Amino acid sequence: MAMSELRRDPFTRDWVVIAPERAHRPQHTPAAAPPAPATDPHCPFCPGHEQETPGELWRRPAYPDHPPGAWAVRVVPNRYPVLTLGHGPARHRTAGLFISAAGIGSHEVVIESPRHDWDLPDGEDTAVADVLCAYRARSLVLRERGPGLVLPFRNHGPAAGTSLAHPHSQIVATPIVPLRQRLLFDVARTYYDDYGRCLYTDVTAAELADGRRTVAIGDHVAAFSPYAARAAYETWIVPRHHQASFADAGDEVLTETAAMLRRLLDALRHLLGDVPYNYALISAPNGEEATAYFAWHLQLVPRLAATAGFELGSGMAVNPVPPERAAAELRGTPPLGPHI
Ligand code: UDP
Ligand code: ZN
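Residues numbered from 1 in each chain as written. Chains lettered and ligands numbered in written order. Predicted model: local features only at pLDDT ≥ 70, side-chain atom pairs only at ≥ 80, totals over all residues. Heavy atoms only, no water.

Undergrad: Please clarify how the packing of aromatic side chains should be interpreted in this entry.
TA: The geometry of an aromatic ring pair comes down to the distance between the two centres and the angle between the two planes. If you walk through the whole model with that rule in mind, you get 10 aromatic pairs. Ring geometry for Phe-246 versus Trp-296: centroids 5.0 Å apart, planes at 85 degrees, classification edge-to-face. Pair noted here: Phe-246 is in the loop between β12 (235–239) and α4 (251–272) and Trp-296 is in the loop between β13 (277–282) and β14 (297–302), with a separation of 50 residues, a long-range link. On the basis of relative accessible area, Phe-246 is assigned to the buried category, the value being 2%. An aromatic cluster of three or more residues is present, and its members are Phe-11, Phe-185, Tyr-192, Tyr-200, Phe-224, Trp-236, Tyr-293 and Phe-294. The ring centre of Trp-71 lies 5.6 Å from the NZ or CZ of Arg-74, which sits over that ring. (Phe/Tyr/Trp six-rings, centres within 6.5 Å; stacked < 30°, edge-to-face > 60°. Helix = DSSP H or I, 4+ residues; strand = E, 2+ residues; numbered from the N terminus. Buried < 20%, exposed > 50% of the residue type's maximum accessible area, 1.4 Å probe, protein only. Lys NZ or Arg CZ within 6 Å of the ring centre and 35° of its normal.)

Undergrad: What is the right way to look at unusual backbone geometry in this model?
TA: Trans is the common state for peptide bonds, and a negative phi is the common state for residues other than glycine. Phi at Ala-95 is positive, roughly 50 degrees, even though this residue is not glycine. Taking relative accessible area as the criterion, Ala-95 reaches 77% and is therefore assigned exposed. The phi torsion at Tyr-233 lies on the positive side, around 70 degrees, for a residue other than glycine.

Undergrad: Looking at this structure, I do not really get the sheet that holds strand β1 (residues 5–8). What am I missing?
TA: Paired through backbone hydrogen bonds, the strands of a sheet run either parallel or antiparallel to each other. Across the sheet, 3 strands lie side by side as β1-β2-β15; this open sheet has mixed pairing. A single partner strand is all that each edge strand has here, and the edge strands are β1 and β15 (317–319). Put simply, the sheet's adjacent strands are angled 30 degrees from each other on average, direction ignored. (Pairing = 2+ DSSP bridges. Axes fitted to C-alpha atoms, helices over the stretch in contact; angles between N-to-C directions.)

Undergrad: Would you take a moment to explain the side chain of Asp-9 for this structure?
TA: Tracing the backbone shows Asp-9 in the loop between β1 and β2 (15–18). In this structure, Asp-9 is buried with no salt-bridge partner, the nearest side chain bearing the opposite charge being Arg-230 at 6.0 Å. Of note is the side chain of Asp-9, whose polar atom sits 3.4 Å from the side chain of Thr-12. (Lys, Arg positive; Asp, Glu negative; His and termini not counted. Salt bridge = Lys/Arg side-chain N within 4 Å of Asp/Glu carboxyl O. Polar contact = N/O pair within 3.5 Å; in protein donor to acceptor, adjacent residues only side chain to side chain.)

Undergrad: I keep staring at the nonpolar core and nothing clicks. Help me out?
TA: Considering soluble globular proteins, one finds that nonpolar side chains tend to be buried as a cluster. Counting residues in hydrophobic clusters, the biggest one holds 48 residues, and the most contacted among them are Val-110, Leu-120, Tyr-135, Ile-237, Leu-261, Tyr-279 and Leu-300. Counting residues in hydrophobic clusters, the runner-up holds 22 residues, among them Leu-83, Leu-184, Trp-236 and Phe-294. (Core = buried A, V, L, I, M, F, W, Y, C linked by side-chain atoms within 4.5 Å.)

Undergrad: Please clarify how the side chain of Asn-155 should be interpreted in this entry.
TA: Locating Asn-155 in the fold gives a position in strand β8 (residues 149–156). Judged by relative accessible area, which is 17%, Asn-155 ranks as buried. If we ignore the near neighbours within four places in the chain, the residues touching Asn-155 are Ala-160, Gly-161, Thr-162, Gln-170, Tyr-277 and Asn-278. (Contact = heavy atoms within 4.5 Å.)

Undergrad: Teacher, can you tell me more about the coordination of the zinc ion (ligand 2) here?
TA: Each angle at a metal carrying four tetrahedral donors should ideally be 109.5 degrees, and each at a metal carrying six octahedral donors should ideally be 90 or 180 degrees. All of the protein donors around the zinc ion (ligand 2) are Cys-43 (SG), Cys-46 (SG), His-116 (ND1) and His-166 (ND1); their distances to the metal are 2.0 to 2.3 Å. Taken together, the 4 donor atoms coordinating the zinc ion (ligand 2) span angles of 104 to 117 degrees at the metal, a pattern that classifies the geometry as tetrahedral. We note that the donor set of the zinc ion (ligand 2) lies within a single chain, spaced as C-x2-C-x69-H-x49-H. Residue Cys-46 is found in the loop between β2 and β3 (58–61), and its partner His-116 is found in the loop between β7 (106–111) and α1 (125–142); the two are separated by 70 residues along the sequence. When sorted by exposure, Cys-46 lands in the same class as His-116, which is buried. (Donors = N, O, S within 2.8 Å, 3.2 Å for Na, K, Ca; no water. Tetrahedral: all angles 85-135°; square planar, octahedral: opposite > 155°, others 65-115°.)

Shown next, in the form of structure tokens:
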């Protein structure tokens, strides 16, 4: 029996167990969902229901060959928001021990297509670029509201937390910088103090030089399965030239990120079927856009196994698929091919 391996994540300094033997245990495969219709009369995000999502915040109009008033992408306020716009005392202390703050921030939905049955890897690269344009445009606005974090993310499949079939992603702006983000930033700052270089740029260069975990390389962005991937087939898309916030990405970077994301999702689907996943587009906290320490990254995590007691108690992840194997499999699929 092969021995597992502990790997330390350079970004969090946490340890991950790479345990290929775990892949051999019996698995429960979820039944495939029935195909969705092209439009759903009960769906609040389908065309014709725009009045159910009031206060549109951003729109990419449809291309000229579509009917007038048609849209390609819309951003609307979430009707059941985690955080809302407002004012309140910065902090409230209860019995001197507990600290609270008003739930100020924002929660938006990016409706990615007028088609109910569409999905990100299905169409043209430009359709994915329109979605990334929505993330960029809204991030530029939201980060001006004050300290905190702007986080675009996508849930795909019920096991990844999605409650609605219509293709969509979300953008949450928090008034605080979450602990995980502070940790990433602190680790990167310490690295900068030690070496005078950006940890993310250095790890990316090292990953591409090594090549075993590289999934795709473009002129502006690259994709790799990280050395200490916490989940099977976890893949990151990162800029090749230092950039702290995706909101500051130029059109060339954005366009290439979209093409790579589309191919990556297509490759994943090719390899594993329509599996649940989450991705998050992580940037520097608001106001830290110019930092030399930190770089944005899109972290894609398939949800193939539930986290259990060991993860709860240790905080450590157990990954049954070595990232070298995951990257080789993803690279070998027709959507990615040997070169992008
Ligand atoms: N939603 C909305 N307007 C509606 C119906 C749903 O804004 O008329 C929101 C809902 O609050 C949810 C999102 O659409 O946050 C769908 O998100 P998803 O299914 O990815 O995950 P959830 O946020 O439910 O975990
Ligand atoms: Zn719909």
